[in-house]
Amino acid sequence: MAARTLYDKLVDAHVVRNLDDGGLVLLYVDRTVLNEYTSPQAFAGLRAAGRKVWNPKAALMVVDHVNPTAAQRTRAMPDQGAARQVDYFAENARDFGIEYFDILDPRQGIEHVVAPEQGLVMPGMVVAAGDSHSTAYGAFGALGYGIGTSDIEHYLATSTVRYRRLKTMRIHLAGAAPLGVTPKDIVMEVIRRIGADGATGFAVEFSGPVVSNMSVEGRIVISIMIVEAGARGVVIAPDQKVLDYLEGRPRAPKGEMWERAARRWLTLASDPDARFDREVTLDVSEVAPVVTWGTSPDQAIAVTETIPDPRQQAAPEREAAANRALNYMGLTPGLPIQSVPIDFAFIGSCTNSRIEDLRDAAEIFRGRHVAEGVRAIVVPGSTQVRVQAEAEGLAKVFTDAGVEWRQSGCSMCLAMNDDVLRPGERCASSTNRNFEGRQGPGARTHLMSPAMVAAAAVTGRITDVRSLLGGARQ
Amino acid sequence: MIPFGQVAGVAAPMMAPNVDTDVIMPKMFLKGVDRSGLGEGAFNLLRFSGGKPNPDFILNQEGYRNACFLVVGPNFGCGSSREHAVWGLQQLGIRALIGTSFAGIFNDNCANNGLLTISLDPGVVTELAQAVADSSRNDVTIDLAAQTIRFDCGRRSIAFDIEPDRKEAFLTGRDFIASTLVFADDIRAFEARHRAENPWIV
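In what follows, the accompanying structure is described. Since this is a predicted model, take the numbers as computed values, not measurements. Residues take numbers from 1 onward in each chain, read along the sequence in its written order. As a convention, the first chain written is A and the first ligand written is 1, with the rest following in written order. Thresholds applied to this predicted model are a pLDDT of at least 70 for local features of residues and 80 or more for the giving and counting of side-chain atom pairs; totals over whole chains, interfaces and linings are not thresholded and use all residues. Only hydrogens and water are set aside; all other atoms, that is, all heavy atoms of the structure, feed into the side-chain values.

Notes on the sheet that holds strand S5 (residues 99-101) of chain A
Residues and elements named next belong to chain A. Here a strand pair is declared whenever DSSP counts at least two bridges between the two strands. Counting from the N terminus, the helices are DSSP H or I runs at least four residues long and the strands are E runs at least two residues long. Read across the open sheet, the three strands follow the order S3-S4-S5; overall the sheet is parallel. Across the chains shown, the open sheet's two edge strands, defined by having one partner strand only, are strand S3 (32-34) and S5. On average, adjacent strands in this sheet sit at an angle of 25° to one another, irrespective of strand direction. In this sheet, S5 lies alongside strand S4 (residues 59-62) in parallel orientation, the contact comprising three bridges. A fitted line through C-alpha atoms serves as each axis, taken over the contacting stretch for helices, and the angle formed by two N-to-C directions is quoted from 0 to 180°.

Focus: the layout of surface pockets
Put simply, the largest pocket is a space of about 1400 Å³. Here a cavity means grid points, on a 1 Å grid over the protein atoms only, where a 1.4 Å probe fits yet cannot get out; a pocket means an open set of points with protein on both sides within 12 Å along at least five of seven lines; lining residues are those with an atom within 4 Å of a point. Along the walls of the largest pocket sit 48 residues, with Gly104(B), Asn107(B), Asp108(B), Ala111(B) and Arg166(B) positioned nearest its centre. Going through the elements one at a time, helix H5 (149-158) and strand S8 (160-164) of chain A together with helix H5 (104-113), strand S6 (116-119), helix H7 (164-172) and helix H8 (176-181) of chain B are the ones with two or more residues in the lining of the largest pocket. Of the residues forming the lining of the largest pocket, the biggest block, six residues, is contributed by H5(B). Grid points are joined across faces, edges and corners, and a volume is the space filled by probe spheres set on the points.

Digging into empty space enclosed by the protein
Residues and elements named next belong to chain A. Scanning all chains against the criterion turns up two cavities of 30 Å³ or more. Size it by volume and the largest cavity reaches roughly 180 Å³. In the scheme used here, Gly and all other residues not listed as nonpolar or charged are polar, with Ala, Val, Leu, Ile, Met, Phe, Trp, Tyr, Cys and Pro taken as nonpolar and Asp, Glu, Lys and Arg as charged. Grouping the constituent residues of the lining of the largest cavity by class yields nine nonpolar, nine polar and three charged. Considered as a void within the structure, the second largest cavity measures approximately 140 Å³ in volume. His 65, Asp 131, His 133, Leu 414 and Arg 438 are, among the 19 residues lining the second largest cavity, the residues nearest its centre.

With respect to unusual backbone geometry
Residues and elements named next belong to chain A. At Ser 159, a position not held by glycine, the phi torsion is positive, near 60°. Each residue's exposure class comes from its accessible area (1.4 Å probe, protein chains only) as a fraction of the maximum for that residue type: buried when under 20%, exposed when over 50%, partly exposed otherwise. Look at Ser 159 and you get buried, because its relative accessible area is 1%. Not every positive phi belongs to a glycine, and Ala 415 is a case in point at roughly 55°. Residue position: Ala 415 is located in the loop between strand S17 (404-405) and strand S18 (426-429).

Observations concerning a negative patch on the surface
Residue and element names in this part refer to chain A. In this scheme, patches are assembled from residues that exceed 30% relative accessible area and form no salt bridge. Like charges are connected within 9 Å, while nonpolar side chains (Val, Leu, Ile, Met, Phe, Trp, Tyr) are connected within 5 Å. Per-residue and other accessible areas follow the Shrake-Rupley method at a 1.4 Å probe size, with only the shown protein chains counted as cover for residues. Throughout this description, the term salt bridge denotes a Lys or Arg side-chain nitrogen within 4 Å of a carboxyl oxygen of Asp or Glu. His residues and chain termini do not enter the charge count, which takes Lys and Arg as positive and Asp and Glu as negative. Every charge is mapped onto a representative atom, which is NZ of Lys, CZ of Arg, CG of Asp or CD of Glu. On the surface, Asp 244, Glu 247, Glu 256 and Glu 259 cluster together to form a negatively charged patch. Here Glu 256 lies in helix H10 (residues 255-265). Overall, Glu 256 belongs to the exposed group, its relative accessible area being 56%.

As for the pairing of strand S9 (residues 156-159) of chain B
One face of the sheet, then the other: side chains in a regular strand alternate in exactly this way. All names here are of chain B. Note: strand S8 (residues 148-151) against S9, four bridges, orientation antiparallel. Bridge pairing in S9 places Phe 151 opposite Arg 156. Counted between consecutive antiparallel strands, the loop separating S8 from S9 contains four residues, among which Asp 152 sits at a positive phi close to 55°.

Brief notes about the nonpolar core
Core analysis: the biggest nonpolar cluster contains 165 residues, and Phe365(A), Phe43(B), Phe76(B) and Phe106(B) have the highest contact counts within it. For Phe76(B), the residues in contact, after removing those within four places along its chain, are Met14(B), Val19(B), Ile24(B), Phe43(B), Leu89(B), Leu97(B), Ser101(B), Phe102(B), Ala103(B) and Phe106(B). Here, the term nonpolar core denotes a set of buried Ala, Val, Leu, Ile, Met, Phe, Trp, Tyr and Cys residues that are joined through side-chain atoms within 4.5 Å. With 31 residues, the next largest nonpolar core counts Val211(A), Ala231(A), Ile236(A) and Leu447(A) among its residues. Contacts are assigned to residue pairs with any non-hydrogen atoms lying within 4.5 Å of each other.

Details of the interface of chain B and chain A
Contacts between the two partners involve 60 residues from chain B, matched on the other side by 72 residues from chain A. When two parts are put together, the accessible area they lose, computed with a 1.4 Å probe and summed over both, is reported as buried area. For the pair chain B and chain A, the two sides together bury roughly 5400 Å², of which 57% comes from carbon and sulfur. The largest share of the area that chain B buries against chain A comes from Lys31(B), Val33(B) and Trp200(B), three residues that together contribute 16% of it. The salt bridge partner of Lys31(B) is Asp79(A), with a shortest N-O separation of 2.6 Å. Two N or O atoms form a polar contact when they lie within 3.5 Å of each other; inside protein one atom must be a possible hydrogen donor and the other a possible acceptor, and for residues adjacent in sequence the pair counts only when both atoms belong to side chains. Summed over the shared surface of chain B and chain A, the result is 26 residue pairs in polar contact (both at pLDDT 80 or more). Taken together, the elements giving at least two residues each to the side of chain B that touches chain A come down to helix H1 (21-24), helix H3 (44-47), helix H4 (84-91), H5, H8 and helix H9 (184-197) of chain B. Classifying every residue of the side of chain B that touches chain A gives 27 nonpolar, 15 polar and 18 charged.

A short note on the pattern of salt bridges
A pair can form between side chains of opposite charge whenever their charged atoms are brought close. If you walk through the whole model with that rule in mind, you get 45 salt bridges over all chains. Put simply, Asp12(A) and Arg4(A) hold a salt bridge, and the shortest N to O gap is 2.6 Å. Arg4(A) sits in the partly exposed class, given a relative accessible area of 23%. Via salt bridges that share partners, Glu127(B), Asp134(B), Arg137(B), Asp152(B), Arg155(B) and Arg156(B) belong to a single interconnected network.

Structural notes on the pairing of strand S4 (residues 69-72) of chain B
Residue and element names in this part refer to chain B. Going residue by residue along S4, you find Phe 69 and Val 71 tucked away on one face and Leu 70 and Val 72 tucked away on the opposite face as well. Alignment of strand S1 (residues 6-14) against S4, held across four bridges, turns out to be parallel. Note on S4: the bridge partner recorded for Ala 11 is Phe 69. Note that S4 and strand S5 (residues 96-99) share three bridges and pair parallel.

So, the packing of aromatic side chains
Side-chain rings of Phe, Tyr and Trp (the six-membered ring for Trp) are treated as a pair once their centres are within 6.5 Å; stacked means planes under 30 degrees apart, edge-to-face means over 60, and tilted covers the remaining angles. Following the criterion strictly, the structure yields eleven aromatic pairs over all chains and no others. On the numbers, 5.6 Å between centres and 80° between planes, the contact of Phe89(A) with Tyr100(A) is edge-to-face. Highlighted residues: Phe89(A) in helix H3 (residues 80-96) and Tyr100(A) in strand S5, separated in sequence by eleven residues. Consider the rings of Trp258(A) and Trp265(A), whose centres lie 5.6 Å apart with planes at 85°: the pair is edge-to-face. For the pair Trp258(A) and Trp265(A), one class covers both residues: buried. A network of ring pairs unites the aromatic residues Trp258(A), Trp265(A) and Trp200(B) as a single cluster. Over the ring of Tyr245(A) we find Arg249(A); its NZ or CZ atom is 4.1 Å from the centre of that ring. Think of it as a cone above the ring: NZ of Lys or CZ of Arg counts as a charge over the ring if it is within 6 Å of the ring centre and within 35 degrees of the ring normal.

Right, here's the structure in full:
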C-alpha cells in the first residue's frame, strides 16, 4: 500500500461508504461536544422530523458560550435569549439522553477544555463539533474539526457527516523555543507567514522536535489557533505525553483495555515517506513574542517591531484592508507596537485558559500589580482548572496583583455573555480572533500569549514579556 | 434546503479579503433557538450606523438594495462556525456568492442551506466585480444546470466548475439527512466493525 499520512489513515478508517469517485465520503464520527448556541436549531430539526440521536453516548453537552463569569455563580443568565438557549439545551439533553454539564456542575467549562478533561477524545478518533475551534482534538492524535449546525443535526441523526477529503499540509516546527516564546507565539508566527487563508482547504499535521517537546496543552493551543489560517482539520501523532494525559480520565478505558488501546495509539503516525500537498517549516529558535496590530489574525508582528505601512501590501484590496484595520484599531504605521497603551487585559478562551497558561501569567503577575487605569480579568477554561489554580495559589497571585478571578466560560473571546468591551476600548487578549467587533462593537483586540497579556496588564502598554522574565522582583 | 436552478438579479461587489462570520452575523443576533430574525443581523454593524442605514455600505446604495448575489474577496466567511451567517445572508435575499475562495466551514454551511458558492480564478472575479460596480450593468444570471454566469447586460459569460454531487444537491434541494439514512444499514455494519477493532470506543 502507498505511504499514507496520519490524516489519510484516520479518514480511511472512518469511511462508511464512498459517495462519489472524487473523495466525497460518508465519514463516521466517533465523538462530539455540543454548546448552547450552535446546537438549538439542530435539535429543533430532529424534533420537527421526529428523528432520534443515533448514539447519545458519543456526545457531551456543556454550557460555555453565553453564561456569565462573575465570581459568584448562579443559574441566572445575563439576558432572556441566553436563558432560553440554556433552558432549551437542558431540555434537549434530557429528551435525547445526552450527558449534560450545566453551569453549576463542577465539570463545567469551555467545551474544548472540558472534553479533554473528561477523556472524551482519544487517539485515532474522528471528532467533529459545532465550533470552529474543534481542531483542538488534533492534539490527541484524533482528527478534529468544526462543523455548522446543519452538520451537527446530520451527525446527531446518523453518527456520520458527508465529507470531502482534504489536501494535506505538514507544518514542521524545528529548533527550540527561546525563553518567553510560547506555543501561542509559534502558531501566530505561522499564521503571520502563511496568511489567514494559508491553510484553507487543508488538513494540517504538526510535526518536529518543537511539537515532541511541547506539552499536550501546548499542542492544543497550536491545534486550535491554526484554524485562524483556515485549517479544516488538524492531527498530531500521539505519543507517551498524550497517553499520560488521558490515563485515568473519566471516559478513558481502564485496565487491560487501556493497555490494548495505548499500544495501538502509539502506532498512529504518518508513514515516513508519506507525501503532503504542502510543506511549511518554521525554525522556532528565531521566533519572538507575536502581537496582532490589525483585525485579522495574520495582521501580526513581533513585539519588537513597528506597525507596518499598508503601502507595502501586494494587492490593492490588501492595502485597503490594512488601512481599514489601522483606522479601526486607531493606530498609525511606523509606531512601535510596544508604545501602544491598553485599557483591558483578558486571559481566557479555549486557546489559552488551561493551567499552564495561568501559571505563565501568574509568573508575570507575582509581586507586581495591574497598572493604573487597566482592568484585568482571568477566566479559567473550566471549573476544574479554576479549582486547581486556587489549590496552586495562582488565584491569590492574580487577586493580589489586582486581577479579577472569574468563573469559567468562553467570556470575552467572543463576548456573547455580559463580558463585553466598550467601543474604542483596547484589549490585550489571549484569545484567537481580533475581528472587528469581536469583543464588542468598536472594541480593539490585540492577540498575544497569556504571559504577554500579563506583561501588558502590569505595564499598561503592550510589552515584550522577556523584559519581565527572570529579572529582579519582590 | 432551497433548490437552485436559474437565478437572475443584482450582484454587489464586496471585495475585501477575509470577511469573517462575526462581521456577517454579529454576536447580538446569536441568542435565538430558531433561525428567525437573522436578516436584520446580516452585516448589521456595517449596514447601520447610529440606528440609520450607513450610506457607505454597498447594500444601502442605489441599485444594490435588492442584490441577490455578492462578488466577494478571498477567504470569505472565515472564523466562527456560526451557521447563522448563512441563514442571515439568505434572509437578506442573497442566493449566491462568487469569489476566489471560501472558508471551509462556511462553505459547507452554504451548501447545506442552498446558498450557492462559486469559486473562480482571481482575474475572473476581478473582471466580474469591476463590471457589477457599475449599477447600470449589475444584473447577473446564474444558470446552475449550464454552469454559467452571464453578466454585463448578457454580453459576457463565465463558465464555472462544481462537483457533480454538489450540483445535483443544489438543483434538487436535497434533504441530506434523509439521503444518508438510506444507508442506515451501512452505518450499523461499519459501527459494529469499528467497535470490534476499537473496543474502547463506545
